[in-house]
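# Structural overview
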Amino acid sequence: MAKMKFKGIPVGEKVTMTVRDSAGNTLVTAQSPAWAQSTTPAEVPGQVNTAADLGIVSSIPFNAIAANIEAVEVLTQPSYGHVSVVGTSVLVNTVDVPEIRAVTTEPVVLRTPENPLSKMVNNLVKSTDPITFTLRVTQAGQSPQDVTVVCRIDAHLSLSGWSCGRGMKLAVDNNDETVLEPGEKHFDLYVSLSPAAYTRADIMTEIGGNTISGKVDDYIVAQLTPGGATISGVTIAYDPINYYGSQAKPVRPIAAAGLVTELLEEHGFDTVHIHYERGYDYSTDRGAANFGKAGLLHPNAVLAWGEGAKPIVPRARFNGNTKKHGMVFRGVQFPLGQGLGGSGGTNVIVENCLVPAMIYFYGQDAFGYPARFTVRNSILPHSFAVEDVRDGTPDYWAGDYRPACIKPGGGSNGIIIEGNFLALGAFAPDFALDNGADGLPGPDDVYPFIDVGSDSRWGLNGFSTPGPNLLAHPMYCDTYTRHIQIRKNFIFGSGGSLIQLRGGAVMYDCAFTWGNQTFSVGPGTFNNYSSEVFDDRNDGHKSWLHDVVLTHAGYHDGPQAGNALSEGIVVGSALTSLDRVVILHDIDPNNPADADRLVSSWNGASHGRKSGFKYSAAYEAGGKFENYHGRERDLVCANWGSVENPDYNPGSLDLSNINNATLFRWYDAQRGNAPDTTTDPLDIYWWLRGHEGPEIKALVRSFVTFMQAPLGIVPTWRTSASGCSFVPDLAEDGCRWDNTNNWGRDLIPGSFAGDTAALNGHKVFYQLDTLTVAGLDLGAGGHLHAVNGRLNVSAAPVCTGSGAITVDESGQVWVNGYTDTDPLTVTVKGGRFANTGTFSGPADIHVDGSTDPYGKAEFLCAYGAASMTVTSGRKMEIVGSGPRVGFDGTGGTQARLSFESGAVLSFVAKEGRLATIREFRSGVNGTATPDVVSTVALGGAALMLDLTGVAVGSHVLVSVDNVIGTFGSITGKIDPRLDATVTVTAKGVSLSIGSGSGQIRLT
């Protein structure tokens, strides 16, 4: 008996089957009933059992609950995830729940064993415990009824689901430069190789011989301390302008290296910014970069000062078993082949740098913290290093030489590659060939390192570059990588792949050209290069690609180049979404001589022309993703491989003018040349390489638009401010602010001054630079969650029924007050929440710093002339000593925090320590001291104290200019052998702990 198997039939659809003989005569017809469709209940039940996939936004149609439903309201949220309503569906958002933190070889261990993905992976099951939430459902003509929804959580086709966009991203200024906010105790150290720069010996000589030998750091710190100091009998005046290490008295690199460590570790400085004078080469000196512990918003930095070319700084390698966090490299150059990376550094930003070397961070530490870094607005022209040349007769480059320009190694989680020129990797076209002893081309041949008069700009003194090999890539992601974001980059040239995305990625506004292979959207694994957990699923994140252009294949041949010299984009991950992806012309259609590249200049063989776009074997008949193609919209692959590879044009785009869309015609238009003047991609390479900073982003946008125009698919973005409405695109993430498809396939809010954003009750993750919206409407139960970047809200946000704002890791949200009457929940796990207006609406506030590696978080109750009131029935809770809570601003304005009677102020000790509400220098105004008149009005509120682990001694809970009133009550936890006394004064609230019997008193 014959059997037939069907997959991927949508619920409710019918399957019609017709069997014909060889002459086309119908033998059998049949039709199935509605596929997998259960009977919709006529009445609303008290409980509905359903299911949702983990890590995505799942949709539950109203008719899965009952028939004739007119409206659904979310009454309660589940223990994790977020529930909202759109159209006639209930959405269950569990994105970011399966967040991975730590991995051993076997089994996989996630951030917490209770994580639902941990349970699935460790127990090898494809579903886990349900979540529960409550809906209020209204049927036509009926009164509303409350329904309990029990929602089983299933493994998605990609176990990690969608990335919410985590990564190290701080605010940026109007020049697209990262805003560096100094810590409360900060040092700017200026370094130079000029004759006037000081060594330690020079400093000692100038201040009196060896009187303070070994105490140079003490001397410099005293110069920066108001009132100065006396050290070893030497009186040191306060001099914050002309201190040793200032621009007026820069130090030499040999002095700087030790000073940074001393300042951070012995003198308690929060941040140190090292400024190298331009025009000098420091590559042979000892590096001075070191990490601080002030939290993600306050990294240390290596910067440039003065005039001239970028300073060439030493190689930066950070090793160790425990990650150190927070470092920015900006405006500097690294030596040829000597980049930065290691297993011990993370949360690193490389910005506006020239890096002719590899950036390679990898691994997770014992606490499960991953490698995390951002590369933006930088030039990475190649990655070969002379030190890697092998000895021989002659010396040679290894055939499988493979350092990438950027390599997120196994364990990397949160990689942002933005606005860069990224090129060639361990390859360049000035290579030489050695056919070996037999004199014949063969796979055992190598690339000799000999004088060929190569371009001096390679930095090889005329010697030959490495040749093509299929293992060399400008960017290479290991299989165990998460939260990869690639945006606004020009990736140019490779003797292997242009990039390798083995764990999936979100990519938009990117240009690819002149590579032997382009990239494969990979499935990812939880253990690097191991098998996936389940045979029918990916381990990694899902992927979407928007406005991506590929043109002009590499055809770089040599003994290690392999057979794929013109392979385009390969999709190997389930449900990858492709929007305005353009693949055109493996060879230049306007230059007949370009066809000569189809014959190898190495061995004379004719090249096999590979496909420009394809799906991997997993999508073939019987493959695990056979029925799980993602959305294809304005996708085209044309004139790539000609007859060998027919065009792929599922949207039937007009291809009649595509010969106008070439790399060369774009370049000639940019340069004011006649079309097709330029024929050598290397000319374009050198021109692009000469740009820096944000210029690359504009060039990428220009090129992508140029290539899309003949196809008629250039986006028609709005050109003025608008009210923007968030409608989840369920073919993609359905939850990211940076995804234009969630905003009606138009520009995101914040693109124009005056834009407003309506979240419509959904949970939206913010992950961008710095944007400002005129207004923010969370909707019914909406939730804004900033994981990095800064969002400014010029007016007080509003919500309906309730709303939530969460800031996390390096995210920031600034609001101009809150005056709505519906309750708002504000959670500060890291980053900063700041109030700049009148915040008088009901809000529960929780600050804990739990996602900052050093436990830091900032909550500005009032920045500048602002006020915050914790209303009756609401709580402000501060956990541990890491959070900084209070006030900052300029101009001597009034900044006030008030509590109503019936409100609660709660301090919870962590590791025996408590925070203080006070004025603090946030760094927003640089090193300017806060200049506000700070007031805390206690208003008879309840004080709750959890003093678990707090030792005998004195602690300050509040320290401000004015304290008004007192507490109405005090309760809490304390060691039964101790007593606590809380004292309110005109300028603060203090806590004294001594021996006793477990009492907490207010005096």
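In what follows, the accompanying structure is described. (Residues numbered from 1 in each chain as written. Predicted model: local features only at pLDDT ≥ 70, side-chain atom pairs only at ≥ 80, totals over all residues. Heavy atoms only, no water.)

### Brief notes about the sheet that holds strand β58 (residues 962–964)
Two modes of strand pairing occur in sheets, parallel and antiparallel, and in both the strands are linked by backbone hydrogen bonds. Ordered by their spatial adjacency, five strands build an open sheet running β46-β49-β52-β55-β58, and the pairing between neighbours is parallel. Strands at the two margins of the open sheet, each flanked by one partner only, are β46 (838–839) and β58. Examined bridge by bridge, β46 and strand β49 (residues 866–870) share two bridges and lie parallel to one another. In the strand pairing of β49, F839 is matched with M868. (Pairing = 2+ DSSP bridges. Helix = DSSP H or I, 4+ residues; strand = E, 2+ residues; numbered from the N terminus.)

### Brief notes about the packing of aromatic side chains
One pass over the structure, following the stated rule, counts 45 aromatic pairs. Here W458 and W686 contribute two aromatic rings whose centre-to-centre distance is 4.7 Å and whose plane-to-plane angle is 50°, an arrangement assigned as tilted. Here W458, found in the loop between β26 (447–448) and β27 (475–477), pairs with W686, found in helix α6 (residues 681–689); they are 228 residues apart in sequence, far enough to count as distant. Accessibility expressed as a relative area gives 1% for W458, which makes it buried. On the basis of an interplanar angle of 75° and a centroid distance of 5.2 Å, the ring pair of W666 and F703 is categorised as edge-to-face. Here F703 lies in helix α7 (residues 695–708) and W666 lies in helix α5 (residues 663–671), a separation of 37 residues in the sequence. Classification of F703 by relative accessible area gives buried; the value is 0%. Its end group placed over the ring of F269, K185 keeps NZ or CZ at 4.9 Å from the ring centre. Taking the ring centre of W686 as reference, the NZ or CZ of R457 above it sits at 3.9 Å. (Phe/Tyr/Trp six-rings, centres within 6.5 Å; stacked < 30°, edge-to-face > 60°. Buried < 20%, exposed > 50% of the residue type's maximum accessible area, 1.4 Å probe, protein only. Lys NZ or Arg CZ within 6 Å of the ring centre and 35° of its normal.)

### As for the nonpolar core
By size, the foremost hydrophobic cluster in this structure holds 97 residues, and its most contacted members are F329, L340, M507 and F512. With six residues, helix α4 (residues 253–265) is the single largest residue contributor to this core. Contact partners of F329, with chain neighbours within four places excluded, come to A289, V302, A316, F318, F334, L340, V348, I349, V350, E351 and C353. Of all hydrophobic cores here, the second largest spans 88 residues; its members include W544, F726, V870 and V989. (Core = buried A, V, L, I, M, F, W, Y, C linked by side-chain atoms within 4.5 Å. Contact = heavy atoms within 4.5 Å.)

### Overview of α4
If you check α4, its first and last C-alpha atoms are 19 Å apart, about what 13 residues at 1.5 Å a residue would give, namely 18 Å. Among the residues making up α4, those that are buried are P253, A255, A256, A257, L259, V260, E262, L263 and L264. Tucked inside the fold, the buried residues of α4 contact β10 (186–191), α2 (200–208), α3 (216–223), β13 (271–277) and β14 (300–305). (Expected span 1.5 Å × (residues − 1).)

### A word on the packing of α5 against α7
Where α5 contacts α7, the axes come no closer than 10 Å and their chain directions differ by 125°. Between α5 and α7, the angle is such that the two are oblique. Crossing hand, α5 versus α7: right-handed. Here L663, R665, W666 and Q670 of α5 lie close against α7, whose contacting residues are L699, S702, F703, F706 and M707. When grouped by side-chain class, the residues that make up the contact of α5 with α7 number six nonpolar, two polar and one charged. (Axes fitted to C-alpha atoms, helices over the stretch in contact; angles between N-to-C directions. Parallel < 35°, antiparallel > 145°, perpendicular 65-115°, else oblique. Left-handed = near helix turned anticlockwise from the far one by under 90°. Nonpolar A, V, L, I, M, F, W, Y, C, P; charged D, E, K, R; others polar.)

### Some details on the side chain of D755
With respect to the secondary-structure elements, D755 resides in the loop between β37 (723–725) and β38 (756–758). In terms of polar contacts, D755 uses its side chain to reach the backbone amide nitrogen of G750, at 3.1 Å. Here the side chain of D755 touches S751 through a polar contact of 3.2 Å, landing on its backbone nitrogen. If we ignore the near neighbours within four places in the chain, the residues touching D755 are R718, S720, A721, S722, C724, I748, P749, G750, V773, A774 and G775. (Polar contact = N/O pair within 3.5 Å; in protein donor to acceptor, adjacent residues only side chain to side chain.)

### Overview of the pattern of salt bridges
When their charged atoms lie close together, side chains carrying opposite charge are able to pair. Overall, the coordinates contain 48 salt bridges when judged by the stated rule. Across the salt bridge formed by D154 and R152, the nearest N and O atoms sit 2.7 Å from each other. Here the salt bridges do not stand alone but share partners, grouping K169, D176, R330, E351, R376, E418, R487, K697 and D769 into one network. (Salt bridge = Lys/Arg side-chain N within 4 Å of Asp/Glu carboxyl O.)

### Some details on the pairing of β49
Here β49 shows one buried face, formed by A866, M868 and V870, and one open face, formed by S867 and T869. Across five bridges, β49 lies against strand β52 (residues 893–899) in parallel orientation. Across the sheet, residue S867 finds its bridge partner in β52, namely R896.

### Some thoughts on α6
A large share of α6 lies buried, amounting to eight of its nine residues. Among all positions in α6, only P681, L682, I684, Y685, W686, W687, L688 and R689 are buried. Buried residues in α6 make contact with β21 (379–380), β25 (421–424), β29 (490–497), β31 (506–521), α5 and α7. Two or three places before L682, at the start of α6, stands the capping residue D680, its side-chain oxygen 2.9 Å from that residue's backbone nitrogen.

### Description of unusual backbone geometry
Following T393, the chain continues to P394 via a peptide bond in cis, the omega torsion being -5°. Tracing the chain through its elements places P394 in the loop between β21 and β22 (396–397). Phi at D96 takes a positive value of approximately 80°, unusual for a residue other than glycine. Mapped onto the fold, D96 is located in the loop between β7 (89–93) and α1 (116–123). Under the relative-accessibility criterion, D96 is labelled buried at 12%.

### A few points about the packing of α5 against α6
Packing of α5 against α6 leaves a shortest axis separation of 11 Å and a crossing angle of 50°. By the angle between their axes, α5 is oblique relative to α6. The handedness of the crossing between α5 and α6 is left-handed. Where α5 abuts α6, its residues L663, F664, W666, Y667, Q670 and R671 lie against P681, D683, I684, W687 and L688. Taken together, the residues of the contact of α5 with α6 sort by class into eight nonpolar, one polar and two charged.

### As for the sheet that holds strand β9 (residues 145–154)
Taken in spatial order, the four strands line up as β3-β9-β8-β5 in an open sheet, and their pairing is mixed. With partners counted over all chains shown, the strands left at the sheet margins are β3 (47–53) and β5 (69–76), one partner each. Neighbour to neighbour, the strand axes of the sheet diverge by 40° on average, direction disregarded. Where strand β8 (residues 127–139) lies against β9, nine bridges are found, and the strand directions are antiparallel. Residue pairing across strands places I131 opposite C151, the latter belonging to β9. Packed onto the sheet, α1 meets β8 and β9 and runs at close to 140° relative to β8.

### Observations regarding the environment of A371
By the secondary structure assignment, A371 is in strand β20 (residues 371–376). Each C-alpha atom, one on A371 and one on D680, is 38 Å from the other, the two residues being 309 residues apart in sequence. Setting aside residues up to four positions removed in sequence, A371 forms contacts with K323, T346, F361, Y362, G363, G411, S412, N413 and I415.

These figures capture arrangement, not role.
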